[in-house]
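Below, each chain spelled out in residue letters.
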Amino acid sequence: QKDDSQRLLESFNSDEKGHRFTKNKGEPYTSQEEMVLEESESPLNSNITAFALKAKVIYPINQKFRPLADGSSNPSLHENPKQAVLPNQVMETSTSGSLGSLSQGDKEDCSSSTTIHSTTSDDRFQARAFLKVTSFPEVLTCESFDVKLCLCSLILKDLMLLDTELRKEKHVMFIQILKIYFRDFYSKKKITDDFFKKILLIQENDFEELQKQLDCRLRSTEMSGAHNSEYQTLEDLERKEREYSEHVIDNMEAFWKQTDKAQQAFLDQSKCSSAKATKIMMDLTEKMIAVESLLSESQDLLAMDIQEKLFNWELMVKMIDSLKSYIPEECKGRLNIVSNILDHLTVKNNLSVRQKEELLTDLHKAFWEQLAHFTNECMQQSKDLILKRLESRAKKQEEIKQRQEAEQKSLLSKTFLNEDVNSFLKAYHELVEKYQQAQWELEEEDDCESTEAVADLYKDLYSKASHALSELVTELFLQTLPVVTSLSVRECELLKEEWQENLVPQLEKWETHHQKRWKLFQDQLLQEKEV
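Cut-offs applied
- Residues numbered from 1 in each chain as written.
- Predicted model: local features only at pLDDT ≥ 70, side-chain atom pairs only at ≥ 80, totals over all residues.
- Heavy atoms only, no water.
- Helix = DSSP H or I, 4+ residues; strand = E, 2+ residues; numbered from the N terminus.
- Buried < 20%, exposed > 50% of the residue type's maximum accessible area, 1.4 Å probe, protein only.
- Contact = heavy atoms within 4.5 Å.
- Core = buried A, V, L, I, M, F, W, Y, C linked by side-chain atoms within 4.5 Å.
- pLDDT = per-residue confidence, 0-100.
- Axes fitted to C-alpha atoms, helices over the stretch in contact; angles between N-to-C directions.
- Parallel < 35°, antiparallel > 145°, perpendicular 65-115°, else oblique.
- Left-handed = near helix turned anticlockwise from the far one by under 90°.
- Nonpolar A, V, L, I, M, F, W, Y, C, P; charged D, E, K, R; others polar.
- Salt bridge = Lys/Arg side-chain N within 4 Å of Asp/Glu carboxyl O.
- Polar contact = N/O pair within 3.5 Å; in protein donor to acceptor, adjacent residues only side chain to side chain.
- Expected span 1.5 Å × (residues − 1).

A. Region of interest: the overall build of the chain. Secondary structure assignment for the chain yields 13 helices and 2 strands. Per-residue burial over the chain gives 44% buried out of 531 residues. Residue pairs in contact within the chain that sit at least 24 positions apart in sequence constitute 74% of those at least 6 positions apart.

Okay, structure coming up:
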């Protein structure tokens, strides 16, 4: 075995495709590149295949004299128009060539196993449909290919939610600053009681109307293009992000115009001198700049927290993925040991080749059918478990939200003077941060607990699979072989013991290899996190 980090990672990155086991016990893992190269016929063909894999190129390999990485000289890239892609499928751009439409390297890039940050925005995946998810635990039951896109969509959702919360906080703060200045003039009898109440009501209604308009536009953006409520595409995401930005910018402009209008109406009614009016405008502007600065700093810190969350999610997803892949991977190895023992019996003429093939076919069929049943059962249990946990999470989130609204209402009902503006801004921002942190901690804790619960289900699946295979192998050695061969029951028992003895070092080897790949993945993630 070669102790090659890249090769181990490539092996780790092909979870959804499984791993081929060669008959050579000394080297049970073969990299994807080696498999493709072994299948190529001529040296020239091999070179072009290797180039295609490294350059991430798409072109039929039998067009031997077109090795250009940008694809510009490859007519096949432009022959087929875009077609709708069904969920869990990739668009094919060419049907000819020994590699088909995607190189192995491209497939690995799109799998869940490498980290998100290496994903490029490729036209081939613009129409790629993937599951819509609203929270991380749902990703744990997604197809491997969907995982990256689902996590990216969740991060965009979190960033959008952060933006919404910060804008709402800014609006509340700005309105309170205006109230404080209006109240100061009202207390000095420079404006009437009717005007004070009227201008406050107008401003609150106008700002509320602005928010309603924005919410309506955002809902319209969310609904448009939703041909299938369960799935979305990268194209859908990019369109929504673009429209969202446009709506938010329009809303910001309208907000500032409304703020200017409120200030001007206030100054006109108060009949201030020009110098006094200028000073008031400068004071208001200074306070609002302070709010922008406070929220901008908060946004930077929270955006970093969201990135941190992404790395944690990737680690948890990889843990589940590795459990999923380890089960069939190890079972293939167990079946290979059985195959080797039967090969030995064939060499000794205890079994005919046909008998051996029939026995292996029956064993494989029986086992993989049982494993498929157990896997489907495990997947359904995972979905049910996550659904219950999300319902419980939603109730807890609503409780936190209600407590926050009650505290905010209490704080906003207090009377603040001009000199108290900074104290109010600090108190309100700390209140928002406190409940924001409470929501994040709740989500983080629930994400971890959901991952552990799903991991336990897959560990149980592993136990079931191992037990089922052991029973089938026992039946083969102790019931079937004594009938179809001239071997005694004792000899068959010894064969079963040989299988168990051979299994122990192999299990240790697989576990070591698995741990090494897991460590390499963690190191790679840590490097990207530092960057």
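The structure having been displayed, the exposition proceeds.
B. Region of the structure containing the nonpolar core. In this structure, Phe 136, Val 139, Leu 151, Val 338, Leu 342 and Leu 481 are the most contacted members of the largest nonpolar core, which totals 97 residues. For this core, the secondary-structure elements that each account for two or more residues are helix H6 (136–139), helix H7 (147–187), helix H8 (193–223), helix H9 (234–270), helix H10 (274–347), helix H11 (353–412), helix H12 (421–484) and helix H13 (489–530). Residue contacts for Phe 136: discarding those within four places in its chain leaves Leu 151, Leu 154, Trp 313, Met 316, Val 317, Asp 447 and Thr 451.

C. Quick peek at the confidence of the model for the chain. Looking at the chain, the pLDDT average stands at 76 and 75% of residues meet or exceed 70. Across residues 1–49, confidence stays below pLDDT 50; counting only partners more than four residues off in sequence or on other chains, it has 105 contacts. Predicted confidence for residues 51–121 stays below pLDDT 50, and this span has 148 contacts to residues more than four positions away or in other chains.

D. A look at the packing of H11 against H12. One can describe the packing of H11 onto H12 by two numbers: an axis separation of 8 Å at closest approach and a directional angle of 165 degrees. Taken together, the axis directions place H11 and H12 in an arrangement best described as roughly antiparallel. With respect to the hand of their crossing, H11 and H12 are arranged in right-handed fashion. Here the contact of H11 with H12 is composed, by residue class, of 34 nonpolar, 11 polar and 13 charged.

E. View of the pattern of salt bridges. One pass over the structure, following the stated rule, counts 27 salt bridges. Measuring nitrogen to oxygen at the nearest pair gives 2.8 Å for the salt bridge that ties Lys 309 to Asp 158. On the criterion of sequence distance, the pair formed by Lys 309 in helix H10 and Asp 158 in helix H7 is long-range, its members being 151 residues apart. Assessed through its relative accessible area of 12%, Lys 309 is described here as buried.

F. Structural detail: the environment of Val 432. Structurally, the position occupied by Val 432 is in helix H12. Val 432 gets classed as buried once you look at its relative accessible area, which sits at 11%. Taking the C-alpha atoms as reference, Val 432 lies 9.1 Å from Glu 165; in sequence the two are 267 residues apart. Those residues in contact with Val 432, other than ones at most four positions away along the chain, are Glu 169, Gln 404 and Gln 408.

G. Up close: the side chain of Thr 346. Topologically, Thr 346 is positioned in helix H10. A distance of 2.9 Å separates the side chain of Thr 346 from the backbone oxygen of Leu 342, its partner in a polar contact. If sequence neighbours within four positions are ignored, Thr 346 has contacts with Leu 351, Ser 352, Val 353 and Lys 356.

H. Highlighting the environment of Leu 200. You can see Leu 200 is positioned in helix H8. Residues Leu 200 and Ala 262 lie 62 residues apart in sequence; the distance between their C-alpha atoms is 9.1 Å. With sequence-adjacent residues up to four places away left out, Leu 200 is seen in contact with Lys 179 and Phe 182.

I. A look at H9. The end-to-end C-alpha separation of H9 is 54 Å, in line with the 54 Å expected for 37 residues at 1.5 Å each. Once H9 finishes, Lys 271 follows within two positions and takes phi at roughly 55 degrees, a positive value.

J. Representation of the environment of Glu 491. Its location among the elements puts Glu 491 in helix H13. On the basis of relative accessibility, which here comes to 39%, the residue Glu 491 falls in the partly exposed class. C-alpha separation for the pair Glu 491 and Leu 481, spaced 10 residues apart in sequence, amounts to 9.8 Å.

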